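If you want the building blocks of each chain, they are given just below.
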Amino acid sequence: MISAKNVTMKFDDFVALNQLNCDIPDSCIYGLVGSNGAGKSTFLRLISGVYRPYEGTITADGEPVWENPKVKSRIMYVPDELYFLPQSDMNTMARLYAAVYDSFSTERFRELTATFGLKPDANIGTFSKGMKRQAATILALSVMPKYLFFDETFDGLDPVMRNLVKQVIYSDVCERGTTTIITSHSLRELEDTCDQLALLHKGGIVFESDIQNLKTALFKVQVAFADTFGKERFEGIETLSYAQTGSVATLIVRGDRDTVTGQIRAMQPLLLDVLPLNLEEVFIYEMEALGYAFKDIM
Amino acid sequence: MKQFFSGKLYLQALRKVRTLGIAMLICITALNLFLPIMGISRNYALQDVEYVIKNEEDIVYSYTDMYRPRITEIEDIGFAPFLWALVFFAPLLVYVMFSFLQERRQSDFYHALPQKRVCVYLSMIAAVMTWLAGTVVISTLLNTLLWSFAKLYTFTVWTVLGNLVFYTVLSFFVASFMALASTVTGTPTSAVLAFGFLTLFPRYAILLFKSALEDMCSILVHTRDMLSLWSFDRWIVTAWWDGFAQDGFFSDPAVLVYSLIASLVVFAAAGFCYHIRRSESAGRSAPNAVLQHVYRILFTSAAAIALPFAIIMDGIDDYVFLLLLLVFVVYVLYELMTVKKIRSMLRSLKLIWVPFVVCFAFAGSVFVANALVYSIRPEADEVESVAFLDLYGNTTGCYGERLIYLNSCQDPEVIALCVDALHGVLDDEYRHMDRNAIDISYRLKNGRTIDRHLSVPVDFWEKVITSDALRDTYFALPESYRKIDITPFPIPNDTGSIKGQYEMMQETVWNTFVSEYESLTDAEKLRMIRYSDNYGYRWDGFVIRLTVEEPSDRYGTWEMDFRYVLTPDLVPRTVEMLLSLYGTDEEILSYLEGLKAETYGNTIYVWSKSQTGYRYISTTADRLFRNVSLDSHLFVGTPNTLIEIKGIYVWVNLTESEVYALYDSWETPIDVKVDKEIAYKCPPEATLVVNGG
């Protein structure tokens, strides 16, 4: 498990992370979403041992990450700005990784380059942006790390490759129990990928939840009654948002879908429609409930 | 061990800079190989190679004909000179190795590797050192092999070792500063500027401080000893072309040891900075805003301290205002070059006053040091001994005077004289007197030694040498000598049969001189000594030049040369003996004839009188004897040309065309003054010419 306790990171006067706390369980895909400058990349660099926190502690499996080769050997970080040795090909990079990571699997490297259809002896400098990202992903997965961190990893990948990368990550998580953290500024990107999601804003995690719970816990209800009614009719139902146009009311409700549906159906509505929310809508309403204006965050 | 060094990472680091490393190796090695290859090809282009090799013993240290091959001992700096290019390659190699510190994505990559920082640093530095030392070793060994094949060149094992040690230390030294510069900065520009600053500033600042202090403090002995390891004279970087390396790489071992230790210390400092460095510094000129101010101010200080220095040396002159402007420009430019933002530059101006504080601090330190020097005023009872310093290698003066310089004196009378002289100078008592400068070292009873350059009354030295303690020393003659040279009977350079006769003759002359000198009164001895002191200005007698080795309580064994001019009024028997030994004209001719057969490979030096003075010609013996019949010119008419043949000087009368026949076609005659030392017995007319000239 990766654990961050009261982590603060500053760049001169700018506070990138402020007293951040989070626990990332093993064998999950953890999505970290936030606007530019929210602190996502900084957080990844901190938990990769690239940065040393100004305050607080970051541990992996209970051991500090900073200046701890034993822990860092279990971590693989794929940054948003990729770096490869000048004039190198993937084989060269693989040799470098094999030299510094004992867990590097040449077999897996060969298997993945074949899967992605990349030439391991071609100069990486000649690769497109997407191909470079694939190359970085292949190298990272070949290290067979316990912790795998991707910073804006789907940027520059076409939909096919994006799905392929996701598939490979899924299989790594399923087969080896890899804990993966993926950052993105796009919620949709993470919606169908992550098990857990956290929203980072101004250097702190403002919201963190299990995606499945998130999606099922909130839903939209459209309801109409023959008589005149108002919000007070729905007392007893946890309503995050309420809007009424004429005799039709739209509610965003938290709770068990069947129970809530039963409660409303008992009021004998003319119309009752229960609709699922997409992740972005869920976030909007959850943020509003927490007092944040979502549009300011994302 | 794994915590500090990773073999795998080391190999990767070697690979990382292999392009530059191989280019460096090829460039340096190829250029170095060029020299012995040229030497080998020259051997085969020349004739008589075998002759020279067979007669190496005779030829190697003698004058040789430039047109003939000769055995040449390769000096250290000529052995593989292009290794000096490591001064440029070494920092470049370090810069490339640690270039990841200048860019964030690279920095992230390397800092994410599962290694401790110290392990990454040491593995990379080891790789740099391997490339540098490897280049030195490979290039030196290849040159050793090739120079061995170049028959007419010799070298010693010390030359090979010297090359290995000197260039390895040199490359480590410059590399270490780049390592430090790379780890304390975060952009290429700031790294290069920091490298320049770290490399040059300490010596530059010390040079200015010393010069300013020496200019201000007239009683301070001008010596290279003060902080000399940090002077440019003893900087390993420039030693190759302007320093000790000219005399051999091991000629100043202290510099080698210092440079090695300094480079290890700086490497260690760079390692520490790398360890504590924040990864986010990559891409920023300084790790944080405060250090950016510090770097800018330090860099500007280089220009700033020139300001008080100029004022101390020359007063407030026009160019002082230019320096003032320079300080401002450097300050602004540094910020613009490293941060590249006008707004940041404008913000930085709030600290523009700090470099001027540095100016005052520099000037203040010079004034404080000056005051400290003047505040030291020992009393006679505090002084254990005094010694007279000869800082400029003065070789004139008599043997006894040299003895006084070589040894310290504990005599209370002499100490009191020297202390009075110091007090007189400190109290400015001698302002209106005729004065001479003298350097005196005072060893105090508390173990401290102070050296002072004093401007004392002209009779000070006479009081010293006529003191009871020093009088006998001053008038002493050496009991033995290592070499004696009596003009006009110098010992020839060769090992011919005449050498033994000369030595016997010179010994006889010396013994006669000693017995006559001992019988002189002190006043007469003093007259002779003064006469000899002024020898450089006049000549009307024979001269004895001696080389003596003396033990010294201050310098160990010391070799010194001095001379006595022999005049008939003081040492008549010696002069008479020399005149009788001189021989007849026929004997000289006979001797010269004998020399003809021995002049193979010799250079002949000729001074020919011209309208403006004397023309100096270096010619060959073959050319001389082919064009000039000496027996028909010797002692005929008014001598106008002085010829040196194997250490013997002969006046002859040559026509203008004969003089020109001695020139090589390419040689341009140089007008010189005839050094009167080289004149020896010649016809009376010639004597007049020499004395009058």
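Above this text is the structure in question.
It should be emphasised that the depicted structure is a prediction, and the values quoted were computed from it without experimental measurement.

Engineer: Would you explain the pattern of salt bridges in this entry?
Structural biologist: Where side chains of opposite charge bring their charged atoms close, a pairing between them can arise. All names here are of chain A. Applying the stated rule across the entire model yields 23 salt bridges over all chains. With its nearest N and O atoms 3.8 Å apart, the salt bridge here joins Asp26 to Lys146. Highlighted residues: Asp26 in the loop between β2 (14–24) and β3 (29–33) and Lys146 in the loop between α5 (129–142) and β7 (147–151), separated in sequence by 120 residues. Under the relative-accessibility criterion, Asp26 is labelled partly exposed at 36%. Lys146 sits in the partly exposed class, given a relative accessible area of 29%.

Engineer: What is the right way to read the side chain of Arg45 of chain A from this model?
Structural biologist: Summarising the element assignment, Arg45 of chain A is placed in helix α1 (residues 40–48). In this structure Arg45 of chain A touches Val50, Tyr51, Tyr77 and Asp80 of chain A together with Arg104 and Asp108 of chain B, once residues within four positions along its chain are discounted.

Engineer: Honestly, the packing of aromatic side chains in this entry has me stumped. Any pointers?
Structural biologist: Aromatic rings in a pair are described by how distant their centres are and how their planes are angled relative to each other. All names here are of chain A. For the structure shown, the criterion picks out 44 aromatic pairs over all chains. Measuring from centroid to centroid gives 5.8 Å for Phe234 and Tyr242, while their planes differ by 50°, and the two rings are tilted. The class for Tyr242 is partly exposed, based on a relative accessible area of 22%. Positioned above the aromatic ring of Phe154 is the side chain of Lys166, whose terminal nitrogen or guanidinium carbon lies 5.2 Å from the ring centre.

Engineer: Would you mind showing me how to read the sheet that holds strand β5 (residues 449–457) of chain B here?
Structural biologist: Two strands in a sheet stick together by hydrogen bonds in their backbones, pointing the same way (parallel) or opposite ways (antiparallel). All names here are of chain B. Reading across the sheet, the three strands line up as β3-β4-β5 and stay open at both edges, with antiparallel pairing between neighbours. Looking at which strands have only one partner, the edges of the open sheet turn out to be β3 (383–389) and β5. Direction aside, neighbouring strands of the sheet carry axes that sit 30° apart on average. Inspection of the sheet shows β3 paired to strand β4 (residues 435–444) by six bridges, in the antiparallel sense. Across the sheet, the residue bridging to Ser385 is Arg443, located in β4. The sheet contacts of helix α19 (residues 412–426) involve β3, β4 and β5, and relative to β3 the element is tilted by about 75°.

Criteria and cut-off values
- Residues numbered from 1 in each chain as written.
- Chains lettered and ligands numbered in written order.
- Predicted model: local features only at pLDDT ≥ 70, side-chain atom pairs only at ≥ 80, totals over all residues.
- Heavy atoms only, no water.
- Salt bridge = Lys/Arg side-chain N within 4 Å of Asp/Glu carboxyl O.
- Helix = DSSP H or I, 4+ residues; strand = E, 2+ residues; numbered from the N terminus.
- Buried < 20%, exposed > 50% of the residue type's maximum accessible area, 1.4 Å probe, protein only.
- Contact = heavy atoms within 4.5 Å.
- Phe/Tyr/Trp six-rings, centres within 6.5 Å; stacked < 30°, edge-to-face > 60°.
- Lys NZ or Arg CZ within 6 Å of the ring centre and 35° of its normal.
- Pairing = 2+ DSSP bridges.
- Axes fitted to C-alpha atoms, helices over the stretch in contact; angles between N-to-C directions.

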